[in-house]
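Coordinate analysis (summary)
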Amino acid sequence: MSAMRVLLRHHVRLHRMPLVPLAAGLALFEWIMTFVARQPAVSRFLTSALNAAPPEFLALLNQDLVSSVSAQGIIGVGYAHPFALLMMAVVAVRVPSAALAGEIGRGTMDLMAARPVMRAAHVAAALTATLAGLAILAAAAYAGTLVGLVFRPVEGVSTLRYGLVALQLWLTFACWGCVALAASALSREPGQAIAWAAGLMAGSYVLDYAARVWTLLAPLRPLSLFRYYEPQRVVNAGISGIDVLVPGAVGAAALLVAFGVFWRRDL
Amino acid sequence: MPTDAFPIRAVGLGKRYGSLTALTDLNLEVGQGEAFGFLGPNGAGKTTTIRLLLGLLRPTTGEAVVLGKRVARSAAWRGDVGYLPGDVKFWPRLSGEETLDFLGGLSGRAALARNGLLKRLELGPAELARPVRTYSDGMRQKLGIVQALQCTPKLALLDEPTKGLDPLMQQAFYEIVADMRRHGTTVFLSSHVIAEVERVCERVAMLRAGKLVTVGTVVGLRQAERRRVVAHFREPVDLAALAHFGEVVASAEQRVELLVGQAQMPALVARLGMLPLVDLLVERPTLEEAFLERYR
């Protein structure tokens, strides 16, 4: 068995248990959103609530008011909701932080790195495990939407559109996973890696929110990775090139840092 | 001699952490099939040396060549190396068996020696099925020894291998090392237990504050040190007459204890013959005494 497969099995063994409730929770949440979306009473309530809500609150939902009160929009809110983002963030930060900094901090990296395995393989295995974990969560989210819409279709709502949203959700957090991997490669303790990755993610989220609320900060919005993740836009117009290019480029740069640093550093 | 004749070669190897120098200009060769002891007080640089040899640390100066390969250039040579860290840590939720399977799988070689090692170290299937977090320190150390040696390495780097083992298990470990050496394995053993190094190794290096103090055979090091001479006389003697030959370390009534260099021994014996000598004891220093003398 190749070292890469052995390392991947190791990551699966360490992370499979937390992944199950996260995926189940996300699937259930998106299924509930399809249920909520077809309740006329809910739409009426949301319409009146959103009309009364301050624009700062609407900005937090990252949704256009008009589209949000449609069934299609309510399901889209499920993909931009802090609950869904938090589920994804847990995997995007936890797996890479545990894989490199976690093993160093525990003292087990010595046992692994004393084997005939290139250091790049450790980074590659951590990356693969992170991307796979995020793919499982994004697929679970889409499965929740799919089950909800297939068994009880909502007029005018296509299930395929949410497949693209799930893909964009995965891409955004895959990028964050790469950033967390770079933080992990630079750290000696998992807590340090988690603090860096979670701090950057929270900062980026706050910047995106603040830039939408305050026009003064609007020019800074492109600096936030969450600027390139807008489910409502994906539902209406599909994934745009820039929404793939920017997270892709940031992720690639973070990977370069992760591979470069981990190859050179003392363990 | 071809490079492969030395499973370990360190040339000017050094490591600094900012302003702290952990190891300076280490030049060392360990021969094929040799059992080599590495001695030094805490913080002398023993663990740093082992981690440099494995490529876990990047050297600040010099280079290490292990099994004929430059450490920094590749990783494949580590398939022939077994490593036991000084403070071995495992994954708490994994069972002993899962741990051995995982680490054996990473080595990429069949764990042919595993069953024999488990039997000799008395780690049964019931213990192996338990999560490592339930293990005692001694059991963890035994698991550490098995993971290091299960794939029959050509070179074993063992840092404090008997830490936490009871005397019976220490004996089992010494027998394992003896068997490995019969099969040509080179053993590099770092230890605080000088008696252990004296028992297992033919050659030894002593390290102090990151610098190599001495390298030599255990026998040679003991010979090079001063002998302990204990003389009993019928009546009190003039100590000044003896202090000329060595250092008088104790004297009481008619008993005098001295440390005497090998070169002074014939003259001392001749002088003692002129005194009212009743009994004479000459002892070679143990490795421990040689070690302590060098670190005083």
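Everything quoted here is computed from the prediction, not taken from an experiment. (Residues numbered from 1 in each chain as written. Chains lettered and ligands numbered in written order. Predicted model: local features only at pLDDT ≥ 70, side-chain atom pairs only at ≥ 80, totals over all residues.)

1. Observations concerning the overall build of chain B
For clarity, the threshold we go by: Helix and strand assignments follow DSSP, with helices taken as H or I runs no shorter than four residues and strands as E runs no shorter than two, numbered in order from the N terminus. With C-beta atoms placed from the backbone, the exposure class of a residue follows from how many other C-beta atoms lie within 10 Å of its own: 20 or more, buried; 12 or fewer, exposed; in between, partly exposed. Throughout, a residue-residue contact means that the two C-beta atoms, derived from backbone geometry, are no farther apart than 7 Å.
Tallying secondary structure elements over chain B gives eleven helices and 14 strands in all. Considered along the principal axes of its C-alpha atoms, chain B spans approximately 70 × 45 × 35 Å. Taking all 296 residues of chain B together, 41% fall into the buried category. Pairs at least 24 apart in sequence give 69% of the contacts found in chain B among residues at least 6 apart.

2. Some details on the overall build of chain A
When helices and strands are tallied, chain A shows twelve helices and zero strands. Counted from the first residue to the last, chain A has its helices and strands arranged as α-α-α-α-α-α-α-α-α-α-α-α. Taken over 267 residues, chain A has a buried fraction of 47%. Sequence separation of 24 or more characterises 78% of the internal contacts of chain A that already satisfy a separation of 6 or more.

3. Some details on the domain arrangement of chain B
Note the following rule: Domain boundaries shown here were taken from an automatic or database domain assignment.
Here chain B is partitioned into domain 1 (3–222) and domain 2 (225–295). A separation of 40 Å is found between the C-alpha centroids of domain 1 of chain B and domain 2 of chain B.

4. Description of the nonpolar core
Filter applied, for reference: Only buried residues count toward a nonpolar core: Ala, Val, Leu, Ile, Met, Phe, Trp, Tyr and Cys, linked into one set through C-beta atoms within 7 Å.
The biggest cluster of nonpolar side chains holds 150 residues, and the ones touching the most others in it are A:Met88, A:Leu137, A:Ala141, A:Leu181 and B:Phe188. Per-element accounting of this core gives the leading share, 16 residues, to helix H9 (residues 159–186) of chain A. Ignoring anything within four residues of it in the chain, the contact list for B:Phe188 reads B:Ile8, B:Val30, B:Phe36, B:Phe38, B:Leu155, B:Ala156, B:Leu157 and B:Leu158. Grouped together as the second largest cluster of nonpolar side chains are eight residues, B:Ala231, B:Leu242, B:Leu258 and B:Leu268 included.

5. Some words on helix H6 (residues 167–182) of chain B
Residue and element names in this part refer to chain B. Quick note on the threshold: Each helix should span, by expectation, one fewer than its residue count multiplied by 1.5 Å. Directions from the helix axis toward the C-beta atoms define the arc.
The terminal C-alpha atoms of H6 lie 23 Å apart, and with 16 residues this matches the ideal 22 Å at 1.5 Å per residue to within 8%. Those residues of H6 lying buried are Ala 172, Phe 173, Ile 176, Val 177 and Met 180. Mapping the buried residues of H6 onto a view down its axis gives an arc of 140°, with all of them on the same face. Opposite the buried face of H6, at more than 90 degrees from it, the exposed residues are Pro 167, Leu 168, Gln 171, Glu 175 and Arg 182. Buried-residue contacts for H6 involve strand E3 (35–39), helix H3 (114–120), helix H5 (137–149), strand E7 (155–159), strand E8 (186–190) and helix H7 (194–200). After H6 finishes, the residue Gly 184 shows a positive phi value of roughly 90°.

6. Some remarks on unusual backbone geometry
Residue and element names in this part refer to chain B. One non-glycine residue, Leu 67, lies in positive phi territory at about 55°. Its place among the elements puts Leu 67 in the loop between strand E4 (61–66) and strand E5 (69–70). Using a count of 22 C-beta atoms within 10 Å as the deciding quantity, one classes Leu 67 as buried. Positive phi, close to 60°, is recorded for Glu 122, a residue that is not glycine. Structurally, Glu 122 is set in the loop between H3 and helix H4 (125–129).

7. A closer look at the sheet that holds E5(B)
All names here are of chain B. This is how it is decided: Two strands qualify as a pair provided DSSP detects at least 2 bridges between them.
The strand order across the open sheet built from four strands is E2-E1-E4-E5, with neighbouring strands paired in antiparallel fashion. Whereas interior strands pair on both sides, the edge strands pair on one side only; in this sheet they are strand E2 (20–30) and E5. In terms of strand pairing, E4 meets E5 through two bridges, oriented antiparallel. Note on E5: the bridge partner recorded for Val 66 is Lys 69.

8. Structural notes on the pairing of E2(B)
Residue and element names in this part refer to chain B. As paired strands, strand E1 (residues 8–17) and E2 are joined by seven bridges and run antiparallel to one another. By the bridge assignment for E2, Arg 16 is matched with Thr 21. Two successive antiparallel strands, E1 and E2, enclose a turn made up of two residues, where Gly 18 displays a positive phi of approximately 65°.

9. Some thoughts on the sheet that holds strand E12 (residues 247–252) of chain B
Residue and element names in this part refer to chain B. As a reminder, the rule being used: Note on definitions: angles span 0 to 180 degrees between N-to-C directions of axes, and those axes are lines fitted to C-alpha atoms, for helices only across the stretch in contact.
As summarised here, the arrangement of the four strands in space is E12-E13-E11-E14, forming an open sheet in which the pairing is antiparallel. Each edge of the sheet is formed by a strand with only one pairing partner; in this case those strands are E12 and strand E14 (277–283). Adjacent strand axes in the sheet meet at a mean angle of 15°, parallel and antiparallel pairs treated alike. Alignment of strand E11 (residues 227–233) against E14, held across six bridges, turns out to be antiparallel. Among the inter-strand pairings, Phe 233 is bridged to a residue of E14, identified as Leu 277. Each of E11, strand E13 (255–260) and E14 is contacted by helix H10 (residues 265–272), which is oriented at about 5° to E11, the strand it contacts most.

10. Some words on the interface of chain B and chain A
To be explicit about the condition: By the convention adopted, Pro, Cys, Tyr, Trp, Phe, Met, Ile, Leu, Val and Ala count as nonpolar, Lys, Arg, Asp and Glu as charged, and the other residues, Gly among them, as polar.
Counting from both sides, the interface comprises 22 residues of chain B and, opposite them, 19 residues of chain A. Only strand E6 (81–84) and helix H2 (96–107) of chain B provide two or more residues apiece to the side of chain B that touches chain A. Here the residues of the side of chain B that touches chain A sort into 13 nonpolar, five polar and four charged.

11. A word on the environment of B:Arg226
Residue and element names in this part refer to chain B. Here Arg 226 is to be found in the loop between helix H8 (218–224) and E11. In the structure, Arg 226 is positioned 89 residues away from Asp 137 in sequence and 39 Å away in space, judged by C-alpha atoms. For Arg 226, the residues in contact, after removing those within four places along its chain, are Gly 246, Leu 259, Val 260, Gly 261 and Pro 285.

12. Section: helix H12 (residues 241–264) of chain A
Residues and elements named next belong to chain A. Between its terminal C-alpha atoms H12 stretches 35 Å, which fits the 34 Å expected from 24 residues at 1.5 Å a residue. Taken together, the buried positions of H12 are Pro 247, Gly 251, Ala 254, Leu 255, Ala 258 and Phe 262. The inward-facing, buried residues of H12 abut helix H6 (82–106), helix H8 (119–151) and H9.

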